[in-house]
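Report on the structure
The chain contents come next:
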Amino acid sequence: MTLGLARYNKGLVKTKIIFITGGVLSSLGKGVAAAAIGALLEARGLRITFQKLDPYINVDPGTMNPFQHGEVYVTEDGAETDLDLGHYERYTSVTLGQEHNFTSGRIYHNVITKERRGDYLGGTVQVIPHITDEIKQAIMAVAPSADVAIIEIGGTVGDIESLPFMEAIRQLKGDLGKENVCYIHLTLVPFIKSAGEVKTKPTQHSVKELRSIGIQPDILLCRTEKFLGPDIKAKISLFCNVEPQAVITAQDVDNIYEIPLLLHQEGLDDRLVETLNIWTRAPRLEVWEKLVARIKNPKDRVEIGIVGKYVDLRESYKSLHEALVHGGLANEVQVALTYIDSERVEREGPVSLLSHLHGILVPGGFGVRGVEGKILAIRYAREQKIPYFGICFGMQLAVIEFARQVAAIPGATSEEFFPEAEHPVIYLMREWYDYRTDAIIRRDSAADKGGTMRLGSYPCVLTPGTLAGVAYGEAKIMERHRHRYEFNNSYREQLQNAGLVISGTSPNGELVEIIEIHNHPWFLGCQFHPEFKSRPLKPHPLFRDYIRACLEYKLGLPHPGGEI
Ligand code: GLN
């Protein structure tokens, strides 16, 4: 028996666990549903935590192609995780980390490492019990920190890959007791136009599949276009052996922040606390009600262009998309986002593609493809005085653009795409003090292609009176990073003399974290990813101020532009 379970059985830990599985097909919004459940339970005064169990073999999503897998979400502790952790953090007040996302690869890696070390004393190492025990241990390592742990299993029931996870969570109900575990299954109830009705068969099959591996769901979340009436719920209830009140309509919504309220209206949280025998107050949902009212009644609308590589899909910028929406909410404006292929900007020039926008943004990115188009877009934003926000790569390229055009450093570039460059204003720093690990990091450009990104939360001190200083209203902030290259201090003075404002640095001044250009409505680039910390109920200050500047630009209002 694992350590976590032993403590549990002694009554030292009283955490309740909700397992969420998915059926029929992927992309039904399991992550958002899990996050919304977290929001509802938090609104009842419960302490919650989350974990995502991903069945793929990669040890973590850090090296996975974001166009296949969606955004890589970065946590405070520097873990590169599944984007669902972003939903969990956005909908609730939790802060998650490395232990809140496990893949099959990581589980197997742990077991194989133990086997090589001789921990299994020559025994035959098997999926059951060794892999399943490792999974249970991973779950029990995070669950006890909260009243309720919400554990989402990636993939769809029936996948070969997810079987060990399914088996582990099946066992946990026996280990922990009936009242401590609740299984929620998310399925699809499609509306078939030609028949004019919704169909329950896919749900029936999916539940049948789940039951064949020993899991009887307690609650069904039915994703559907149409509201499910009592007759449909009764039918699903009968075929799936779930009480009619436990069949919950998860109807499609215009905005994902409506989901907690909709699930509450369907009685989901009542059902959960009943199943798990938890006594709580009624949920306080006023903040969510106000939020939804704001979303539905914007006073204006701004159009923002995100300039990226043509392959950049919405999914790979999930947090950015949300953070911009939050910035809009803070200003009561709707934010319309257009994704613009930077290679088109290169080919067609910026005017036809960008002149109608109220704000231009270059997001994080890697590699040389499309870089010159992004730089053109930045130049256009700077010269035409259109609000500009550069994030990570978008900050580095803004420095390059400024160096070339304003500071007259011809050929200024980054070592990332031109290692032998004469003027690498962005480069691989050879030696620096790392605040997170409290160590001096040394590296050389040849030896260090793949590894050592600066990952996770780092301190940054701000210059008062600058755009950043005003936005945060604090002297020192913490923000999350995911990059290899840095601002090159050999060019610092030259760039500053030409008018580049450095408004945020590491506390020792060594790492440039934020740059600005003044005499411009709003031009800011940051080396970190502020989008990872924005929440709908607490929009990030930089996104709030950026969207405000975009609105002012649209309305033709003068903006002080952070002049000191
Ligand atoms: N490619 C750049 C670097 O590694 C920027 C990374 C990013 O935008 N996340 O430094």
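Residues numbered from 1 in each chain as written. Predicted model: local features only at pLDDT ≥ 70, side-chain atom pairs only at ≥ 80, totals over all residues. Heavy atoms only, no water.

1. Here's the deal with the overall build of the protein
- Secondary structure assignment for the protein yields 20 helices and 25 strands.
- The globule rule puts the C-alpha radius of gyration for 564 residues at 24 Å, and the 25 Å found for the protein is close to it.
- Oriented by its inertia axes, the alpha-carbon framework of the protein measures out at about 75 × 60 × 45 Å.
- Classification of the 564 residues of the protein by burial places 59% in the buried group.
- Look at the contacts in the protein between residues 6 or more apart in sequence, and 73% of them connect residues 24 or more apart.
- Accessible surface, the protein: about 23100 Å² in total, of which carbon and sulfur atoms supply 52%. (Helix = DSSP H or I, 4+ residues; strand = E, 2+ residues; numbered from the N terminus. Rg over C-alpha atoms; globule rule 2.2 N^0.38 Å. Buried < 20%, exposed > 50% of the residue type's maximum accessible area, 1.4 Å probe, protein only. Contact = heavy atoms within 4.5 Å. Areas by Shrake-Rupley, 256 points an atom, 1.4 Å probe, with all protein chains shown as cover.)

2. Digging into the sheet that holds strand 11 (residues 247-251)
- The sheet built from seven strands is open, its strands ordered 5-2-6-1-7-10-11 with parallel pairing. Both edges of this open sheet fall to strand 5 (101-103) and strand 11, since each of them pairs with a single strand only. Ignoring which end each strand starts from, the neighbouring axes of this sheet average 20° apart.
- Bridge count for strand 10 (residues 219-224) against strand 11 is five bridges, and the pairing is parallel. Considered in strand 11, the bridge of Leu221 is made with Ile248.
- The strands that helix 9 (residues 230-240) touches are strand 10 and strand 11; relative to strand 11, the one it contacts most, it runs at about 125°.
- Across the sheet, helix 11 (residues 268-275) lies against strand 1 (16-22), strand 7 (181-188), strand 10 and strand 11, angled at about 160° from strand 10, the strand it touches most. (Pairing = 2+ DSSP bridges. Axes fitted to C-alpha atoms, helices over the stretch in contact; angles between N-to-C directions.)

3. Re a nonpolar patch on the surface
- The grouping of Tyr108, Ile112, Val127 and Ile128 at the surface amounts to a nonpolar patch, some 330 Å² of accessible area in total.
- Of all elements in the fold, only helix 5 (104-117) and helix 6 (127-142) reach the threshold of two or more residues within the nonpolar patch.
- Structurally, Tyr108 is set in helix 5. (Patch = residues over 30% accessible without salt bridge, like charges linked within 9 Å, V, L, I, M, F, W, Y side chains within 5 Å. Salt bridge = Lys/Arg side-chain N within 4 Å of Asp/Glu carboxyl O.)

4. Considering the pattern of salt bridges
- As enumerated under the stated definition, the model contains 40 salt bridges in all.
- For Asp147, the salt bridge goes to Arg47, with nearest N and O atoms at 3.2 Å. Pair noted here: Asp147 is in the loop between helix 6 and strand 6 (148-153) and Arg47 is in the loop between helix 2 (30-43) and strand 2 (48-54), with a separation of 100 residues, a long-range link.
- Take Asp147: its relative accessible area is 27%, and that puts it in the partly exposed class.
- A salt bridge links Glu332 to Lys299; its shortest N-O distance comes to 2.7 Å. Here the residue Glu332 occupies a position in the loop between helix 13 (318-330) and strand 13 (333-341), and Lys299 occupies one in the loop between helix 12 (286-296) and strand 12 (300-308), the gap between them amounting to 33 residues.
- For Glu332, a relative accessible area of 25% gives the class partly exposed.

5. Comments concerning the sheet that holds strand 21 (residues 476-483)
- What the nine strands build is an open sheet, ordered 13-12-14-15-25-24-23-20-21; its pairing is mixed. Since the sheet does not close on itself, it has two edges, and those belong to strand 13 and strand 21, each with one partner. Shown here is a sheet whose adjacent strand axes are inclined to one another by a mean of 25°, direction ignored.
- Two strands pair when backbone bridges link them, and strand 20 (residues 454-462) and strand 23 (residues 500-505) are joined in this way by two bridges, in the antiparallel orientation.

6. Things to note about the environment of Asn488
- Within the secondary structure, Asn488 sits in the loop between strand 22 (486-487) and helix 19 (492-497).
- According to the relative accessible area criterion, Asn488 is buried, its value standing at 4%.
- Measuring from C-alpha to C-alpha, the distance between Asn488 and Val512 comes to 8.4 Å, with 24 residues separating the pair along the chain.
- Every residue in contact with Asn488, bar those within four places of it in the chain, is listed here: Pro424, Val425, Ile426 and Tyr427.
- Polar contacts involving the side chain of Asn488 include one to the side chain of Ser490, which spans 2.7 Å. (Polar contact = N/O pair within 3.5 Å; in protein donor to acceptor, adjacent residues only side chain to side chain.)

7. What to know about the state of the cysteines
- For the structure shown, the criterion picks out zero disulfides.
- The closest cysteine sulfur to the non-disulfide-bonded Cys222 is located on Cys240, 7.8 Å from its own sulfur.
- Among the cysteines around Cys460, which has no disulfide bond, Cys526 carries the closest sulfur, lying 9.0 Å off.
- Residue Cys460 is classed as buried on the basis of its relative accessible area of 1%. (Disulfide = S-S within 2.5 Å.)

8. Here's the deal with the pairing of strand 18 (residues 431-434)
- Pairing of strand 18 with strand 19 (residues 439-442), which is carried by four bridges, proceeds in the antiparallel orientation. Among the inter-strand pairings, Asp434 is bridged to a residue of strand 19, identified as Ala439.
- With antiparallel pairing between neighbouring strands as the criterion, strand 18 and strand 19 make up a hairpin whose turn holds four residues, including Asp438 at a positive phi of roughly 55°.

9. Examining the environment of Val273
- With respect to the helices and strands, the residue Val273 is situated in helix 11.
- Residues Val273 and Ser162, spaced 111 residues apart in sequence, show a C-alpha to C-alpha distance of 27 Å.
- If we ignore the near neighbours within four places in the chain, the residues touching Val273 are Leu41, Arg44, Ile278 and Thr280.

10. Points about the packing of helix 16 (residues 371-384) against helix 17 (residues 393-405)
- Look at helix 16 against helix 17: their axes get within 9 Å of each other, and the N-to-C directions meet at 70°. Taken together, the axes of helix 16 and helix 17 lie roughly perpendicular to each other. Only Phe393, Gly394, Leu397, Ala398, Ile400, Glu401, Phe402, Arg404 and Gln405 of helix 17 make contact with helix 16, whose side of the interface consists of Val371, Glu372, Lys374, Ile375, Ile378, Arg379 and Arg382.
- Its residues assigned to classes, the contact of helix 16 with helix 17 shows eight nonpolar, two polar and six charged. (Parallel < 35°, antiparallel > 145°, perpendicular 65-115°, else oblique. Nonpolar A, V, L, I, M, F, W, Y, C, P; charged D, E, K, R; others polar.)

Function cannot be read off these values alone, since they describe shape.
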